[in-house]
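# Architecture at a glance
Next come the chains, spelled out residue by residue.
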Amino acid sequence: MAQPVRREVCALKSAAPARVIRVAEIVGGLDRGGAETWLVNVLRALDRSRFSVDFVVHEERSYPYEPEIVAHGGRVLRCLRPDRPISYFRRLRALLLEHGPYDIVHSHIHHYSGWVLAAAAAAGVKRRVVHGHLGARKSDLSLGRRLFTGAMTTLISRYATGGLAVAREAAPVLFGARWESDPRWRLLYCGIDLAPFSSRTPERVRAALHLSRECFVMGHVGRFDPQKNHEGLLAVAQEVFRRRPESHLLLVGTGPLRGAIEGRVAEMGLSDRVSFLGARSDVPELLGAMDVFVFPSLYEGLPLAVLEAQAAGVSSVLSTAVTEEVLVAPELVQRVSLSAGPSGWADAILGAPRPTAESRARALAAFEGSRFDVRMSARALADYYAAG
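Quick summary incoming for the structure in this document. (Residues numbered from 1 in each chain as written. Predicted model: local features only at pLDDT ≥ 70, side-chain atom pairs only at ≥ 80, totals over all residues. Heavy atoms only, no water.)

Per the secondary structure count, the chain includes 14 helices and 13 strands. Expected size for 388 residues packed as a compact globule is a radius of gyration near 21 Å; at 21 Å, the chain falls within 12% of this value. Each of the three principal axes of the chain carries a C-alpha extent, and together these read 60 × 45 × 40 Å. For the chain, the proportion of contacts with a sequence separation of at least 24, taken over those separated by at least 6, is 71%. Accessible surface, the chain: about 16700 Å² in total, of which carbon and sulfur atoms supply 54%. Measuring between centres, the 49 positive side-chain charges of the chain sit 6 Å from its 40 negative side-chain charges. (Helix = DSSP H or I, 4+ residues; strand = E, 2+ residues; numbered from the N terminus. Rg over C-alpha atoms; globule rule 2.2 N^0.38 Å. Contact = heavy atoms within 4.5 Å. Areas by Shrake-Rupley, 256 points an atom, 1.4 Å probe, with all protein chains shown as cover. Lys, Arg positive; Asp, Glu negative; His and termini not counted. Charge placed at Lys NZ, Arg CZ, Asp CG, Glu CD.)

What follows is the structure, encoded as structure tokens:
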């Protein structure tokens, strides 16, 4: 069912505000993940005479995007130990008071955002925005997790003056099943930067990775996290390797489970067929070197990697946990149930059409000026911030 325009943040022209709007984005970290990359792309597009944006992170270490944020006039502020909520609350309140005053606190850290927004309210921040980036988990939650999410959802309802979700499936997770009846909640589809997809050098990328032109290349971009289902991906890849020996799997990303997945690859005897590429700044080029993009997630919000794969013109095989809202070039995408098992997934992967120059050009054209073009989502977010 089409989403009514009134429930979606739209990119509309608005009058410039009389003063700079100060925003604190609470992100936890600034690695090259989907939400973080989107925010940095938005920062590049925002008018610095209208907006001043700082980022609050939860670790002491430096991050890949930090120098660029500073170059754009923002600050990266550290509020450590969210696992100690009472002291974290006090530190965040003090940080917002010290570096403010902020007009808006915009939290991107899922259910814990309830605690963040409570601290922002204690610091006197008038506009407190929560952003939902994840869909509902399909697995059962422990009693402790259910109690936590229930408490945080209550805090979100109490302290959020507004809320955004990246897709319809993500909205009920933080806002409740009847979210559409509350005028605070809206959809804002995250966009991608299309510029890196206009020039492609797949042969050069394959050569750098020591992959021949004849090699059948599968790829995945995603954080090493249970949600992304790397264990299931390896089982699918093993079946593809059995049927088509001249195949290879590229894994792009980092995360807490990377070591365990590397160990599993070694146990399966697949180390020479699987490449761990880590966090990369050249994801568009890597996608262009793939024959098929594989994404067997257990649950999702609106995964930007799937948008990027389509913009690159690559055939994609996705789990049905990925919302249909993400389909911009549907002729490139197959959604397959996880219940199909490795055999069913291998059928879809090996039957997917290989990209051509024409299919790549059509796919990229479909993104131009769409709601998934980062220029449009940046305008939409700017207008949302400026609306007061």
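We now examine the sheet that holds strand 8 (residues 216–221). The strand order across the open sheet built from 6 strands is 10-9-8-11-12-13, with neighbouring strands paired in parallel fashion. Of all strands in the sheet, those with a lone pairing partner are strand 10 (274–278) and strand 13 (333–336), marking the two edges. Each strand axis lies, on average, 20° off the axis of its neighbour in the sheet, ignoring direction. Relative to strand 12 (residues 315–319), strand 11 (residues 292–295) runs parallel, the two being bridged by 4 bridges. Looking across to strand 12, one finds that phenylalanine 293 is bridged to serine 316. Where helix 11 (residues 304–311) meets the sheet, its contacts fall on strand 8, strand 11, strand 12 and strand 13, and the angle it forms with strand 11 comes to roughly 165°. (Pairing = 2+ DSSP bridges. Axes fitted to C-alpha atoms, helices over the stretch in contact; angles between N-to-C directions.)

Spacing of three or four residues puts side chains on the same side of an α-helix, whose turn is 3.6 residues. Between its first and last C-alpha atoms helix 3 (residues 85–99) spans 21 Å; for 15 residues at 1.5 Å apiece the expected length is 21 Å, and the two agree. Residues of helix 3 that are buried include every one of Tyr88, Phe89, Leu92, Leu95 and Leu96, and no others. Here the buried residues of helix 3 occupy an arc of 135° about the axis, which is enough to place them on one side. Exposed residues on helix 3 whose side chains face more than 90 degrees from its buried face are Arg90 and Glu98. Structurally, helix 3 contributes buried residues whose contacts are with strand 1 (21–28), strand 2 (51–57), strand 3 (76–78), strand 4 (104–107) and helix 4 (113–122). (Expected span 1.5 Å × (residues − 1). Buried < 20%, exposed > 50% of the residue type's maximum accessible area, 1.4 Å probe, protein only. Arc of directions from axis to C-beta.)

Moving on to the packing of aromatic side chains. Counted under the stated rule, the structure contains 7 aromatic pairs. Aromatic side chains phenylalanine 175 and tryptophan 185 sit 4.2 Å apart centroid to centroid with 5° between the ring planes, which places their arrangement in the stacked category. Within this pair, whereas phenylalanine 175 is found in helix 6 (residues 171–175), its partner tryptophan 185 is found in strand 7 (residues 185–187), the two being separated by 10 residues in sequence. Judged on exposure class, the residue phenylalanine 175 and its partner tryptophan 185 are both buried. Judged by centre distance (5.6 Å) and plane angle (80°), the ring pair of tyrosine 189 and phenylalanine 372 falls under edge-to-face. Here tyrosine 189, found in the loop between strand 7 and helix 7 (202–208), pairs with phenylalanine 372, found in the loop between helix 13 (357–367) and helix 14 (374–386); they are 183 residues apart in sequence, far enough to count as distant. Using a relative accessible area of 4% as the deciding quantity, one classes tyrosine 189 as buried. (Phe/Tyr/Trp six-rings, centres within 6.5 Å; stacked < 30°, edge-to-face > 60°.)

This part takes up the sheet that holds strand 2. Across a sheet, paired strands are connected by hydrogen bonds in the backbone, their directions being either parallel or antiparallel. Taken together, 7 strands build an open sheet; the order of strands is 3-2-1-4-5-6-7 and the sheet is parallel. Strands with a single pairing partner mark the edges of an open sheet, and in this sheet they are strand 3 and strand 7. Pairwise comparison of adjacent strand axes, ignoring direction, gives a mean angle of 25° for this sheet. Both strand 1 and strand 4 contribute to a ladder of 4 bridges, which runs parallel. Bridge assignment links isoleucine 26 to a residue of strand 4, and that residue is serine 107.

Moving on to the pattern of salt bridges. In a structure, side chains of opposite charge can pair up when their charged atoms sit close to one another. One pass over the full model with this rule turns up 25 salt bridges. Linking arginine 22 and aspartate 54 is a salt bridge whose minimum nitrogen-to-oxygen distance equals 3.4 Å. Here aspartate 54 lies in strand 2 and arginine 22 lies in strand 1, a separation of 32 residues in the sequence. Here arginine 22 falls in the buried class, since its relative accessible area comes to 17%. Linking lysine 228 and glutamate 300 is a salt bridge whose minimum nitrogen-to-oxygen distance equals 2.6 Å. Here lysine 228 is found in the loop between strand 8 and helix 8 (230–243), whereas its partner glutamate 300 is found in the loop between strand 11 and helix 11, with 72 residues between them in sequence. A relative accessible area of 4% places glutamate 300 in the buried class. Through salt bridges with shared partners, one network takes in Glu239, Arg242, Arg243 and Asp347. (Salt bridge = Lys/Arg side-chain N within 4 Å of Asp/Glu carboxyl O.)

Okay, the side chain of glutamate 300 next. Within the structure, the side chain of glutamate 300 is placed 3.2 Å from the side chain of glutamine 227, a separation counted as a polar contact. Here glutamate 300 is in contact with Leu134, Gly135, Gln227, Lys228, Phe295, Ala321 and Val322, once residues within four sequence places are set aside. (Polar contact = N/O pair within 3.5 Å; in protein donor to acceptor, adjacent residues only side chain to side chain.)

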